[in-house]
Amino acid sequence: KPGEQKHAKEPSSLQCMHLAVVACGDRLEETLIMLKSAVLFSNRRLCFHIFAEDSLKPEFEKKLKEWPSSYTKKFESNIYPITFSVGNAQEWKKLFKPCAAQRLFLPVILKDVDSLLYVDTDVLFLRPMDDIWHLLREFNSTQLAAMAPEHEVAKIGWYSRFARHPFYGSTGLNSGVMLMNLTRIRSTHFKNSLIPGGLTWEEMLYPLYQKYKNYITWGDQDLLNIIFYFNPECLYVFPCQWNYRPDHCMYGSNCRGAEHHGVAILHGNRGVYHDDKQPTFRALYEVIRDFPFEDNLFQSLYYPLQSKFLDTVHTLCGRIPQVFLKQIEKTMKKVYENRVIVYLGANHRY
């Protein structure tokens, strides 16, 4: 009917949920812990697309094979070299963090993938990836990607105060968690500031970078902000609990979605997993890192986490432990119930 919103169906051709990450330099361990959190809690099968420097490929292959078979059967992994289809590869590599610009080329490289979730290496899943994957069904007929705002409060946000280029909305976007319908991205002509007519995604990337390279600070994230400034109808904005960062609590709690529902995806940017500035974030990272795969989730993950949180109450983030614990507790209960039900179902007849 006229005026009625059309919803995109979740792609029926997908037999697994596609998860992409780009790892260069010293990001091997961080990436493996992110993948571990995805495998621990997700329900459907996962397809990992790991873009890595050549020196890291054998390490990824070795480490993933060491995981127990009860978990390796839940995913398949593909490892790709770092490649840029247009422009100067060395320029792209030096744009912000090493190799981070690779994410811009995912629609071009993964031609047989309909949809995927891209995450930075410093992300942890605290609830099943299935739940964010379901948001693909919430896209209307023009939306082709989803991201969370960079900040919840415009007057203290980075883009609203300092950006010298166009950006989406009042606070800009954070691209550390990005859900994409690649089929739609490949088939869309995007409005832009380069030519009056639209350009395809691949056609647009390098000229856009050339135009704004002297004004961008956060590399590929800034380019994505510029793209969706000119094409706001293409973006689905998901709430902050799907990309929860230190900025959401270090100045006081400002993510209402996390206060109500708990953190769904934790994003430990600013290097907080590896220093003492935000011990709440570091505690989550270390507990998932140290969890033995086949141990009891409550005994070997949740209870140690509660104990570590007691040492973080002197920080603003540490004063709201329920925000961090709510979803992970729910998730572990579901995982436990599923295992018990499956076990009983296989051995009992009613």
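Residues numbered from 1 in each chain as written. Predicted model: local features only at pLDDT ≥ 70, side-chain atom pairs only at ≥ 80, totals over all residues. Heavy atoms only, no water.

Q: Which residues make up the overall build of the protein, and what values go with them?
A: Secondary structure summary: the protein contains 14 helices and nine strands in total. Residue burial in the protein is summarised as follows: out of 350 residues, 55% are buried. In the protein, the share of contacts with a sequence separation of at least 24, taken over all contacts with a separation of at least 6, comes to 73%. Split by element, the accessible area of the protein, about 16,000 Å² in all, is 51% carbon and sulfur. (Helix = DSSP H or I, 4+ residues; strand = E, 2+ residues; numbered from the N terminus. Buried < 20%, exposed > 50% of the residue type's maximum accessible area, 1.4 Å probe, protein only. Contact = heavy atoms within 4.5 Å. Areas by Shrake-Rupley, 256 points an atom, 1.4 Å probe, with all protein chains shown as cover.)

Q: Break down the state of the cysteines for me, citing the residues and quoting the values.
A: Applying the stated rule across the entire model yields three disulfides. The side chain of cysteine 240 participates in a disulfide bridge whose partner is cysteine 255; the two sulfur atoms lie 2.0 Å from each other. Torsion about the S-S bond of the cysteine 240 and cysteine 255 cystine: about 100°, corresponding to right-handed handedness. With a gap of 15 residues between them, cysteine 240 in the loop between β8 (235–237) and α11 (256–261) and cysteine 255 in the loop between β8 and α11 connect regions that are remote in the sequence. Each sulfur of the disulfide joining cysteine 249 and cysteine 317 lies 2.0 Å from the other. Looking down the S-S bond of the cysteine 249 and cysteine 317 bridge, the torsion is 90°, so its handedness is right-handed. Placement of cysteine 249 in the loop between β8 and α11 and of cysteine 317 in the loop between α13 (297–309) and α14 (321–347) is noted, with a sequence separation of 68 residues between them. The same class applies to cysteine 249 and to cysteine 317, which are both buried. (Disulfide = S-S within 2.5 Å.)

Q: Tell me what's going on with the confidence of the model for the protein, and back it up with residues and numbers.
A: Summary statistics for the protein give a mean pLDDT of 88 and a share of 89% for residues scoring 70 or more. Counting contacts from residues 1–13, a segment whose pLDDT is below 50, to residues more than four positions away or on other chains yields 19 contacts. (pLDDT = per-residue confidence, 0-100.)

Q: So, helix α12 (residues 279–290): which residues are in play, and what are the values?
A: For α12, which comprises 12 residues, the first-to-last C-alpha distance of 16 Å matches the rise-based estimate of 16 Å (1.5 Å per residue) to within 8%. Extensive coverage of α12 is indicated by the burial of nine of its 12 residues. What α12 keeps buried is the set Pro279, Thr280, Phe281, Ala283, Leu284, Tyr285, Glu286, Val287 and Ile288. (Expected span 1.5 Å × (residues − 1).)

Q: Pulling in residues and values, what's your account of the pairing of strand β6 (residues 145–149)?
A: With five of five residues buried, β6 is to be regarded as a mostly interior element. The sheet contact formed by β6 and strand β7 (residues 173–181) spans four bridges and is antiparallel. Bridge assignment links proline 149 to a residue of β7, and that residue is leucine 173. By the bridge criterion, three bridges tie β6 to β8 in an arrangement that is parallel. Looking across to β8, one finds that alanine 145 is bridged to leucine 235. (Pairing = 2+ DSSP bridges.)

Q: Please provide a residue-by-residue account of unusual backbone geometry, values included.
A: Here the phi dihedral of arginine 270 falls at roughly 65°; this positive angle occurs in a residue that is not glycine. Relative to the helices and strands, arginine 270 resides in the loop between β9 (265–267) and α12. On the basis of relative accessible area, arginine 270 is assigned to the partly exposed category, the value being 48%.

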